[in-house]
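# Descriptive analysis of the structure
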Amino acid sequence: MAEETFSDLGRVEAIAKLYEGTPYRPFESSWFETSGKSYVTQQSRTFLEGIDFDLVYFPLKHLGYKCVTAVTGELYAEFSHPRTLDIRLGISSKLDFRHIREVWEGIVTAAREHGYKKVSLDLMPSPNGLAVSVAAAGETSLLSAKRRPAAKSMDLICVSGNLGAAFMGFQVLEREKRAFEKSGDAKAQPKLEDNKHLVGAYLKPQIHPQIISQMEEAEIMPSYGYLVTRGLADAVRRLVRDSGMGAKIYVDKLPFAGKTFELGKELNIDPMSAALNGGEDYRLLFTIPIGKHDKFRHDFQTFDIIGHLAKPEVGAVVVTPDGVELPIKAQGWKEE
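Residues numbered from 1 in each chain as written. Predicted model: local features only at pLDDT ≥ 70, side-chain atom pairs only at ≥ 80, totals over all residues. Heavy atoms only, no water.

## Looking at the packing of aromatic side chains
Taken as a whole, this structure holds 8 aromatic pairs when the rule is applied. Arranged with centres 5.3 Å apart and planes meeting at 50 degrees, the rings of Phe-170 and Tyr-202 form a pair that is tilted. With Phe-170 in helix H5 (residues 165-183) and Tyr-202 in helix H6 (residues 196-203), this residue pair connects regions lying 32 residues apart in the sequence. Residue Tyr-202 is classed as buried on the basis of its relative accessible area, which comes to 4%. Ring geometry for Phe-300 versus Phe-303: centroids 6.5 Å apart, planes at 85 degrees, classification edge-to-face. Like Phe-300, the residue Phe-303 is buried in the burial classification. Counting every residue linked through ring pairs, the aromatic cluster contains Phe-286, Phe-296, Phe-300 and Phe-303. The ring of Tyr-202 is capped by Lys-66, whose NZ or CZ atom sits 3.9 Å from the centre of that ring. In this structure, Lys-204 packs its charged tip against the face of Tyr-65, placed 4.7 Å from the ring centre. (Phe/Tyr/Trp six-rings, centres within 6.5 Å; stacked < 30°, edge-to-face > 60°. Helix = DSSP H or I, 4+ residues; strand = E, 2+ residues; numbered from the N terminus. Buried < 20%, exposed > 50% of the residue type's maximum accessible area, 1.4 Å probe, protein only. Lys NZ or Arg CZ within 6 Å of the ring centre and 35° of its normal.)

## As for the sheet that holds strand E4 (residues 131-141)
With mixed pairing, 4 strands are arranged side by side in an open sheet as E1-E4-E2-E3. Lying at the two open borders of the sheet, with one neighbouring strand each, are strand E1 (38-48) and strand E3 (118-125). Going from strand to strand, the sheet's axes swing by 15 degrees on average, the running direction of each strand aside. Note that strand E2 (residues 81-91) and E4 share 9 bridges and pair antiparallel. Residue pairing across strands places Leu-85 opposite Ala-136, the latter belonging to E4. (Pairing = 2+ DSSP bridges. Axes fitted to C-alpha atoms, helices over the stretch in contact; angles between N-to-C directions.)

In structure tokens, the structure reads:
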């Protein structure tokens, strides 16, 4: 069977073919109805080759999956249920239909996993490599929104998994890329086995698709939520800004993946710095009322309690094991 190419298919037929075997229909407008008891949240993000990903080592299917996970996590952070997804792919001349089919497979896998009802797709040329633009809409019930409490001092700051793992995995991939380019051996294989969990955290981050429904059922409503994508420090600074409260993060409570410290020594990277200022973790950070502590610990054991809100004058600080409080400074923030 001859390989299908864009020159043979054309844009419209290519899009129609990509939808075959999926629960979604091509060329549908991505709208959804509400009963008047909810509101719509929208999130979007664009991923550019050479800036957000490197196709030398990034599997195309994982790329599609990760792009959807990124905007979906932002919806979950706002306590919103995913509903519709709009995808725009900018395609350079080095890619053909079979490559885009792989990206699309990852997109559909993530869309089905997170319960999207409609997915729209368009294809367009790109002069500078692959570009993936993703826009998602979600729905939040007004009842859930009204139940979200005001932030108070001593409310728990919780995160949904290991921090810094994706940054460390990215460093491993970059190291192996440099070794491959230096060797000049086209058959050389990267050495990833010892750090496959960290590499996987970067290439295919995952978020529990039922997390919002489970929290609603447990009647645990966070006052604030963020997706940790630019390091923990960035998320905590945003929390302090938005809530008007202070925040204390405890160093000995931060969750790290196995082999993170071992790899940190090998690469001369401080895992604490990776957790605070690294990126691509795709972890949910929620503030939970202190009165829900016992129930939250029992029902949501995949989350780690890493600190608590404090009085505004505290600011954003990290607390060392010996009790020293150090100010948190996030990259890209202008101190005033």
